[in-house]
There are 2 protein chains.
Amino acid sequence: MSKTKASILLVEDDQNLGFVVRDVLQLKGYEVDWQKDGTMGIKSFFEKGFDLCILDVMLPNKDGFTVATELRELDKDIPIIFLTAKTMQDDRIKGYKAGADDYITKPFSTEEFLLRVEAVLKRCFDNGLPTGRKDVFNIGKYVFDYTNQTLKIEKNERTLTKREADVLKLLFINRNEVLARETALRLIWGSDDYFTGRSMDVFITRLRKYLKDDPEVTIDNVHGVGFKMVVR
Amino acid sequence: MSKTKASILLVEDDQNLGFVVRDVLQLKGYEVDWQKDGTMGIKSFFEKGFDLCILDVMLPNKDGFTVATELRELDKDIPIIFLTAKTMQDDRIKGYKAGADDYITKPFSTEEFLLRVEAVLKRCFDNGLPTGRKDVFNIGKYVFDYTNQTLKIEKNERTLTKREADVLKLLFINRNEVLARETALRLIWGSDDYFTGRSMDVFITRLRKYLKDDPEVTIDNVHGVGFKMVVR
DNA sequence: TTGCCCTGTTAATGAAAAGTTAAACAGCTT
DNA sequence: AAGCTGTTTAACTTTTCATTAACAGGGCAA
């Protein structure tokens, strides 16, 4: 069945506001992951997955909109709520409203806040409850369970390492499209240099070996750019 | 509901002004690519594509107007805003002639600047939001995906190399018009000498081979000038 | 028509990227 | 500190791709 309460990613650099928001949500039974900057937020989302993301617009390094764009690359339907300062111009709010499921202007009351959160969840999961995050993927004849780090074909199950699972998941999210080397290195390794690149190659080799039992699934190289998982 | 905000190309050689402008735009949620000279700006535009370009008039090597003209060759509808140090009537006239959508004289307040930017975007994308950059082209019976570097006809898909994709895209942008050899060499290779010219010929040969399955698509030579992709 | 430059085409070359395997290493646990 | 596990580094091989070369036509001006 489904989970009882949604899990929420909160990206907020302000200590005080972050603490309060997390607390309010947790008291309502939500599972909350609080990250202080966009990069960590994206990493966490990739690894854990959430039912809803709440992003402050003003963030160090990577602002909320950029974060939102990158989150949507990982999951195009993920509900997103923005937190914005009151000083923001009206037309601007209109501008990004299209990409957001809701926006809340600071300061806000906890009641209003919770109402908005629940409204978005209700709208996105029509029974009011999240369907539960999907971290089991069907890759051709394979069944890949990301959280349990297992890869199964017919009766053969293999346990993957964290890195293997990360690379496989990212490839699958971008299946039939080129996954730029740089993107993968940035997201999974956090750095993009010669050696991490070579390291990735080693993982690709290993994953190909794991996936060789279904010829419909291949990992193709696009020279100088990255890799493309092709699922026919 | 995929894109949140417009992506902007900023071409500005001055460190301080460039930094400030980028920052101001980023804080407003725009995705900003800051290039320090015209050549790099054009290259970046060709490879990534943007919703709006902001060009300083005074630039090393290639001035803003020249850059604008070349940008318009790549995308005749791209919105362009000029920045200039002083009120130079001559420049203004020349600027509008090249097709500026707005013209901002330095120094300017961030408020004024942002208003102008938003106004131009609003004017150009009537719903206030950019349409999103298109990098999938229909070339006769072919479907060419620039970012994924694929060229497809019916069920046959072939992956292109970076250079092949670059040349093909440039030819297509100038379809039914002559693409000067020099233009292509400058933009894609960055230099225009005998050997790069010969190299280009090799790519033309290869692209012709790839495109031979649709007789309605040809790459014709214009002796001494360049090539013309003809799509009937 | 002749000669010269420009283009078409194919093959050879060399450099860089990727494939592969094994050893080294780091972080745990026992 | 020995063993175990997972990741990175290293060393070597193979592949890929842009460039260069080599040769064959073509177009155009004189």
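As shown above, the structure is provided for reference.
Residues numbered from 1 in each chain as written. Chains lettered and ligands numbered in written order. Predicted model: local features only at pLDDT ≥ 70, side-chain atom pairs only at ≥ 80, totals over all residues. Heavy atoms only, no water.

**Description of the sheet that holds strand 7 (residues 142–145) of chain A**
Residue and element names in this part refer to chain A.
- Strand order across the open sheet formed by 4 strands is 6-7-8-9, with antiparallel pairing between neighbours. In the strand order of this sheet, the two ends are held by strand 6 (136–139) and strand 9 (156–159), each with one partner. With strand direction ignored, the average angle separating the axes of adjacent strands in the sheet is 20 degrees.
- The strands touched by helix 6 (residues 162–173) within the sheet are strand 6, strand 7, strand 8 (150–153) and strand 9, with strand 6 carrying the most contacts at an inclination of about 65 degrees. (Pairing = 2+ DSSP bridges. Helix = DSSP H or I, 4+ residues; strand = E, 2+ residues; numbered from the N terminus. Axes fitted to C-alpha atoms, helices over the stretch in contact; angles between N-to-C directions. Contact = heavy atoms within 4.5 Å.)

**Remarks on the protein's contact with DNA strand C**
- Neighbouring DNA strand C are 22 residues, the closest being A:Arg181, A:Arg198, A:Arg208, B:Arg198 and B:Arg208.
- What you see for DNA strand C is that sugar and phosphate hold 63% of its atoms within 4 Å of the protein.
- Between A:Arg208 and DNA strand C, the recorded distance is 2.8 Å, taken from a side-chain N or O atom to a phosphate oxygen.
- For the surface near DNA strand C, the secondary structure elements donating two or more residues are helix 8 (194–210) of chain A together with helix 8 (194–210) of chain B.
- When the residues that make up the surface near DNA strand C are grouped by side-chain class, the tally is 4 nonpolar, 8 polar and 10 charged. (Near = heavy atom within 4 Å. Polar contact = N/O pair within 3.5 Å; in protein donor to acceptor, adjacent residues only side chain to side chain. Nonpolar A, V, L, I, M, F, W, Y, C, P; charged D, E, K, R; others polar.)

**Remarks on the packing of aromatic side chains**
- Per the counting criterion, the structure on display carries 16 aromatic pairs over all chains.
- Arranged with centres 5.3 Å apart and planes meeting at 50 degrees, the rings of A:Phe137 and A:Phe172 form a pair that is tilted. You can see A:Phe137 sitting in strand 6 and its partner A:Phe172 sitting in helix 6, a full 35 residues away along the chain.
- Accessibility expressed as a relative area gives 9% for A:Phe137, which makes it buried.
- Here B:Phe144 and B:Tyr146 contribute two aromatic rings whose centre-to-centre distance is 6.3 Å and whose plane-to-plane angle is 80 degrees, an arrangement assigned as edge-to-face. Note on accessibility: B:Phe144 and B:Tyr146 belong to one class, buried.
- Taken together through their ring pairs, the aromatic side chains of A:Phe46, A:Phe137, A:Phe144, A:Tyr146 and A:Phe172 make up a single cluster.
- Above the ring of A:Phe203, the side-chain terminus of A:Arg206 is found at 5.0 Å from the ring centroid. (Phe/Tyr/Trp six-rings, centres within 6.5 Å; stacked < 30°, edge-to-face > 60°. Buried < 20%, exposed > 50% of the residue type's maximum accessible area, 1.4 Å probe, protein only. Lys NZ or Arg CZ within 6 Å of the ring centre and 35° of its normal.)

**Overview of the sheet that holds strand 4 (residues 80–84) of chain B**
All names here are of chain B.
- Ordered by their spatial adjacency, 5 strands build an open sheet running 2-1-3-4-5, and the pairing between neighbours is parallel. Bordering the open sheet on either side are strand 2 (31–35) and strand 5 (102–105), each of which pairs with just one other strand. Strand-to-strand twist in this sheet, taken as the mean axis angle between neighbours without regard to direction, amounts to 20 degrees.
- Alignment of strand 1 (residues 7–11) against strand 3 (residues 52–56), held across 4 bridges, turns out to be parallel. Pairing of isoleucine 8 across the sheet is with leucine 52, part of strand 3.

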